[in-house]
Amino acid sequence: MPNRRQDQVGTNGFFIWTYGKFYMFCLIAVICFFLLEYSDYTETSSIRMLPKMIEKNEMKEVHKVETKGVTKDLPPSRETIVNIVGKHNTTKPVSARQNSSRQSNSSKDLTDFKRTHFMTANGQGRLGNQLFQVACLIGTAFRHNYTPFIPRNHRLNRVLDLKQAKDIHMTNIARIGEGKAMAYNSKVETVSHDKNWTLNGYFQSWKYFHHCRHEIISSFKFKQNTKRKVIEILKTINAKGRPLIGVHIRRGDMSSSSEMKRGYNVATPEFITKAFAYFRNNTIKPLFLVVSDDPRWCKAHAHGPDVIYAGTGSPETDMVLLTYCNHTIITSGSFGWWGAYLCGGKTVYFSNFPRNGSWLATIYNHDDYYLPEWIGMQ
């Protein structure tokens, strides 16, 4: 029979072994829990720090954008994405920010250039010739990004509200002429940019300015009092929606023997008949408004129930009247030419001007003077 001491030792050993395993398990559990917690803590710390890191980087990007003058709304990741794509190309694409910066610098450079580079025009003649000169000025300055101007006391300012009317004192001036009459001088395309320029001549070609027609139309604004006169004339005509055909017939100085010898020419009655017939056959109920420096000749050769003699004797009023029409018939001279150009629509012109075989015809280029879409007749 075992004694009590032995039983006690056995019992104590059992409890020590059992509790030892329990405490060991708890220790292991605590260690595992600690390791897991530490791992979670490091990951959580990284995640919590990420917004601050991003915010810090974004603030740097925004600051860089502001110093370059680009809007703050530009996504900061844009440049990185473009640059990564660019590694696979032979030519690295320009980032959105760089491109905007270059455009901004280019625009500023052009503005600064216009502030220091000027161009003006000199020439003789009446309204039609002056319009050619100033149109060439505007077109050439537009081509080279110069600032065009004419003096405020220029005769054309009496009939137009020209935004190019300025008083500027130019230095370092060079001059360029028209070359041949009624022919395009391509030298205007290659003038050097180290000088201010004066254009001398008539420059009677659409090629000098047709590339910026919108600028010509917006610049050639006639005085309001002239427009009001024309509106009153049109009210008395009461066309009732019928298409208006503006007709300019020039004779006067061009019908003199001296001018005829040089090659100037006036339209024949046959041309008037053909031109009127063209619109009568291709337009529904046209109404012809005739302006001329020879009303007596017109009444003898341009007549019919659909013809109205609307000339006023005022060059600017007659010109505006032509521009208010839908289509145009012109004979010879720069006045009628500009009436047609400012009008738009279809234009029928007298094609034997200058007269075939004359001296003037040898220095004149038909394709430079008349627009290709205009319709020539004799």
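Preceding this paragraph is the structure being described.
Residues numbered from 1 in each chain as written. Predicted model: local features only at pLDDT ≥ 70, side-chain atom pairs only at ≥ 80, totals over all residues. Heavy atoms only, no water.

Chemist: Could you give an account of helix H6 (residues 224–237), with specific residues and numbers?
Modeler: End to end, H6 covers 20 Å across 14 residues, agreeing with the expected 20 Å (1.5 Å per residue, within 8%). Turning to H6, the residues buried within the fold contact strand S6 (287–292), strand S7 (307–309) and helix H10 (315–323). (Helix = DSSP H or I, 4+ residues; strand = E, 2+ residues; numbered from the N terminus. Expected span 1.5 Å × (residues − 1). Contact = heavy atoms within 4.5 Å.)

Chemist: Can you tell me about helix H4 (residues 127–144), naming the residues and giving the values?
Modeler: The end-to-end C-alpha separation of H4 is 26 Å, in line with the 26 Å expected for 18 residues at 1.5 Å each. Across the 18 residues of H4, 16 count as buried, placing the element largely inside the fold. (Buried < 20%, exposed > 50% of the residue type's maximum accessible area, 1.4 Å probe, protein only.)

Chemist: Got a sec to walk through the packing of H10 against helix H11 (residues 334–343)? Specific residues and values, please.
Modeler: In contact at an axis separation of 8 Å, H10 and H11 are set at 40 degrees when each is read in the N-to-C sense. One element, H10, and the other, H11, form an angle in the oblique class. Taken as a pair, H10 and H11 cross one another with a handedness that is right-handed. Contact with H10, carried on its side by Pro315, Asp318, Met319, Leu322 and Thr323, involves Phe335, Trp338, Gly339, Leu342 and Cys343 of H11 and no other residues of that element. (Axes fitted to C-alpha atoms, helices over the stretch in contact; angles between N-to-C directions. Parallel < 35°, antiparallel > 145°, perpendicular 65-115°, else oblique. Left-handed = near helix turned anticlockwise from the far one by under 90°.)

Chemist: Explain the sheet that holds S7 residue by residue, including any values.
Modeler: Strand order in the open sheet formed by 6 strands is S7-S6-S5-S8-S9-S10, and the pairing between neighbours is parallel. Each having just a single partner strand, S7 and strand S10 (375–377) make up the two edges of the open sheet. Recorded for the sheet is a direction-independent mean angle of 20 degrees between the axes of neighbouring strands. Of the pairings in the sheet, the one linking S6 to S7 comprises 3 bridges and is parallel in character. (Pairing = 2+ DSSP bridges.)

Chemist: Describe in detail the state of the cysteines, supporting the description with residues and values.
Modeler: All told, the structure shown has 0 disulfides when counted by the stated rule. Lacking any disulfide linkage, Cys136 is separated from the closest cysteine sulfur, that of Cys212, by 9.9 Å. According to the relative accessible area criterion, Cys136 is buried, its value standing at 0%. (Disulfide = S-S within 2.5 Å.)

Chemist: Can you break down the pattern of salt bridges residue by residue, with the values?
Modeler: Tallied over the full model, the rule gives 12 salt bridges. When the shortest N-O distance is used, the salt bridge between Asp194 and Lys195 registers 3.4 Å. (Salt bridge = Lys/Arg side-chain N within 4 Å of Asp/Glu carboxyl O.)

Chemist: Just give me the short version of the sheet that holds strand S1 (residues 118–122), but keep the residues and values in it.
Modeler: Whether parallel or antiparallel, the strands of a sheet pair through hydrogen bonds between backbone atoms. Spatially, the 4 strands line up as an open sheet ordered S2-S1-S4-S3, and their pairing is parallel. Edge positions in the open sheet fall to strand S2 (147–148) and strand S3 (173–177), since each of these has one partner strand only. Sheet topology places S1 next to strand S4 (residues 196–200); 4 bridges connect them, and they run parallel. Its bridge partner being in S4, Met119 is matched across the sheet by Trp197. Sheet contacts for H4: S1, S2 and S4; angle to S1, the most-contacted strand, approximately 160 degrees.

Chemist: Hey, could you go over the side chain of Glu215 for me, with residue numbers and the actual values?
Modeler: Residue placement: Glu215 occurs in helix H5 (residues 213–219). For Glu215, a relative accessible area of 19% gives the class buried. When neighbours within four sequence positions are excluded, Glu215 is seen to be in contact with Ile138, Lys163 and Gln164.

Chemist: Quick rundown of the side chain of Asn265? Include the residues and the values.
Modeler: On the secondary structure map, Asn265 appears in the loop between helix H7 (257–262) and helix H8 (269–282). Contacts of Asn265, omitting those with residues within four sequence positions, involve Met254, Met260, Ser332, Phe350, Asn352, Phe353 and Arg355.

Chemist: Quick one: what's the story with the environment of Ile233, residue by residue and with numbers?
Modeler: Counting through the fold element by element, Ile233 comes out in helix H6. As for Ile233 and Leu321, which are separated by 88 residues in sequence, their C-alpha atoms are 8.6 Å apart. Contact partners of Ile233, with chain neighbours within four places excluded, come to Thr312, Thr317 and Leu321.

Chemist: So what's going on with the pairing of S6? Residues and values would help.
Modeler: Taken residue by residue, a regular strand's side chains alternate between the two faces of the sheet. Along S6, 5 of the 6 residues are buried, which leaves the element largely enclosed by surrounding structure. In this structure, strand S5 (residues 244–249) lies alongside S6, joined through 6 bridges in parallel fashion. Across the sheet, the residue bridging to Ile249 is Ser292, located in S6. Handedness of the crossover joining S6 and S7 through helix H9 (residues 295–301): right-handed. (Right-handed = clockwise from strand over helix to strand, strands pointing away.)

Chemist: Which residues make up the pairing of strand S9 (residues 347–350), and what are the values?
Modeler: Here S9 shows two buried faces, one formed by Thr347 and Tyr349 and the other by Val348 and Phe350. As defined by bridge partners, strand S8 (residues 327–330) adjoins S9 across 3 bridges and the pair is classed as parallel. Bridging from a neighbouring strand, Thr328 pairs with Thr347 of S9. Chirality of the crossover, the property in question, places the unit of S8, H11 and S9 among those that are right-handed. Looking at chain direction, S9 and S10 are connected through 3 bridges and run parallel. Within S10, the position partnered with Val348 by the bridge is Ile375.

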